[in-house]
Amino acid sequence: MPDVRGPGRPSEGGTSAFGRDLGATWNVLFFPGATFREIRSRRPLLAPWLVVSVLTMFLALGVLSISQRAVVHLMDGADAPALASDVQSSLGRMRLLSIAASPVSVLLRWGVIAAVLWAPGALLSGAVSYRGVLSIVAYSSLPGALGKGVDLAVTWFRGPEFTSDMVPVFSSATSLGALIPEVGQNPWAAAALEQLGFFTLWSVTLWVIGLRESFRWGWARSAGIAAPVWACFWLVATALDVVGRSALGPVLTG
């Protein structure tokens, strides 16, 4: 019998449930509506958690590798072998910590986002479950990881920026801040645009589609819940960025 589920619908075939959930982590990037409809009866978490945790782990290792290269470059010619050895040992310990902490940090971040996103939805509809919202957040997080991967690749070839104390600073190459560098004179505007970009908007768009397809809402209700929650996280991230950069001092070009 021919497949009549419609174009773009992820094919289940004889694949196991975990295999379908794993495929959905990538299908959601291209067929978000069909994918969220397909997983709404299972609310999977394991597959996206494994994928994003592995990506996050490699990103953390990449950041440490760039930091290590920067330290070696800064200490080149300096007569301080003991200090160089201590720094290398510290980076090695941080590498092991990053591998261990990445899966936990991913799950904690999802849990906080899902809680804030679930609360207003639960007030409007008793059918909204925390597990369902957590699954939506999980499947909407891959664009963020991909965006950080692009940022890391650009930094890898271009080199990081440094503060006045020569501490590496990793800026986003995919944000509006990178496209409009002249706003850097205003720290709040620069930080706000640093947190805003294509991959960020992609993720929040998946939130909207996920809420709509998972709970059978209209576009207005889905966007009316997702957009304010995302705006709150955007403002918090902006404030933390401003505080962090002010603590590190002015940034020098790498």
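About the criteria used
Residues numbered from 1 in each chain as written. Predicted model: local features only at pLDDT ≥ 70, side-chain atom pairs only at ≥ 80, totals over all residues. Heavy atoms only, no water. Helix = DSSP H or I, 4+ residues; strand = E, 2+ residues; numbered from the N terminus. Buried < 20%, exposed > 50% of the residue type's maximum accessible area, 1.4 Å probe, protein only. Areas by Shrake-Rupley, 256 points an atom, 1.4 Å probe, with all protein chains shown as cover. Phe/Tyr/Trp six-rings, centres within 6.5 Å; stacked < 30°, edge-to-face > 60°. Lys NZ or Arg CZ within 6 Å of the ring centre and 35° of its normal. Contact = heavy atoms within 4.5 Å. Axes fitted to C-alpha atoms, helices over the stretch in contact; angles between N-to-C directions. Parallel < 35°, antiparallel > 145°, perpendicular 65-115°, else oblique. Left-handed = near helix turned anticlockwise from the far one by under 90°. Nonpolar A, V, L, I, M, F, W, Y, C, P; charged D, E, K, R; others polar. Expected span 1.5 Å × (residues − 1). pLDDT = per-residue confidence, 0-100. Polar contact = N/O pair within 3.5 Å; in protein donor to acceptor, adjacent residues only side chain to side chain.

Some remarks on the overall build of the chain
And then number 1: Of regular secondary structure, the chain possesses 10 helices and three strands.
And then number 2: The order of helices and strands in the chain, counted from the N terminus, is α-α-α-α-α-α-β-β-α-α-α-α-β.
And then number 3: A buried classification covers 38% of the 254 residues belonging to the chain.
And then number 4: With the model as given, the accessible surface of the chain reaches about 13,600 Å², and the carbon-plus-sulfur share is 69%.

Some details on unusual backbone geometry
And then number 1: The residue Arg-43 is not glycine, and still its phi comes out positive at about 50 degrees.
And then number 2: With respect to the helices and strands, the residue Arg-43 is situated in the loop between helix H2 (32–39) and helix H3 (46–74).
And then number 3: Of the residues examined, Arg-43 reaches a relative accessible area of 16% and is grouped as buried.
And then number 4: The backbone phi angle of Arg-216 is positive, close to 55 degrees, even though this residue is not glycine.
And then number 5: When you line up the elements, Arg-216 lands in the loop between helix H9 (198–215) and helix H10 (219–248).
And then number 6: Overall, the relative accessible area of 63% leaves Arg-216 in the exposed class.

Quick notes on the packing of aromatic side chains
And then number 1: What the rule picks out here adds up to six aromatic pairs.
And then number 2: Centroid distance Trp-230 to Trp-234: 5.2 Å. Interplanar angle 15 degrees. Geometry classified as stacked. On the criterion of helical spacing, the pair formed by Trp-230 and Trp-234 is a turn pair, its members being four residues apart in helix H10.
And then number 3: With a relative accessible area of 17%, Trp-230 lands in the buried category.
And then number 4: A network of ring pairs unites the aromatic residues Phe-198, Phe-199 and Trp-202 as a single cluster.
And then number 5: Geometry around Trp-217 places Arg-221 over its ring, the cationic atom sitting 5.5 Å from the centre.

Considerations on the environment of Val-137
And then number 1: Tracing the sequence through the fold places Val-137 in helix H5 (residues 130–139).
And then number 2: A sequence separation of 74 residues divides Val-137 from Leu-211, and the C-alpha atoms of the two residues are 9.7 Å apart.
And then number 3: Setting aside chain neighbours within four positions, we find Val-137 in contact with Trp-110, Ile-113, Ala-114, Leu-117 and Trp-207.

Things to note about the packing of H2 against H9
And then number 1: Where H2 contacts H9, the axes come no closer than 9 Å and their chain directions differ by 45 degrees. One finds that H2 runs oblique with respect to H9. In this structure, H2 crosses over H9, and the sense of that crossing is right-handed. Where H2 approaches H9, its residues Pro-32, Gly-33, Phe-36 and Arg-37 are matched on the opposing element by Leu-206, Ile-209, Gly-210, Glu-213 and Ser-214.
And then number 2: Across the contact of H2 with H9, the residue classes tally to four nonpolar, three polar and two charged.

As for helix H6 (residues 142–158)
And then number 1: Under the 1.5 Å per step criterion, the end-to-end length of H6 is 24 Å for 17 residues, consistent within 8% with the ideal 24 Å.
And then number 2: Taken as a whole, H6 has its buried residues at Leu-142, Pro-143, Ala-145, Gly-147, Asp-151, Leu-152 and Thr-155.

Here's the deal with the confidence of the model for the chain
And then number 1: Mean pLDDT over the chain: 81, with 75% of residues reaching 70 or higher.
And then number 2: Model confidence for the chain, summarised as mean pLDDT per element, is weakest for strand S3 (residues 251–252) at 54 and strongest for H5 at 96.

A word on the side chain of Ser-214
And then number 1: Looking at the secondary structure, you find Ser-214 in helix H9.
And then number 2: A polar contact is formed between the side chain of Ser-214 and the backbone oxygen of Gly-210, at a distance of 2.8 Å.
And then number 3: Each residue touching Ser-214, except ones within four places of it in the same chain, is listed here: Phe-36, Arg-40, Arg-43 and Ile-136.

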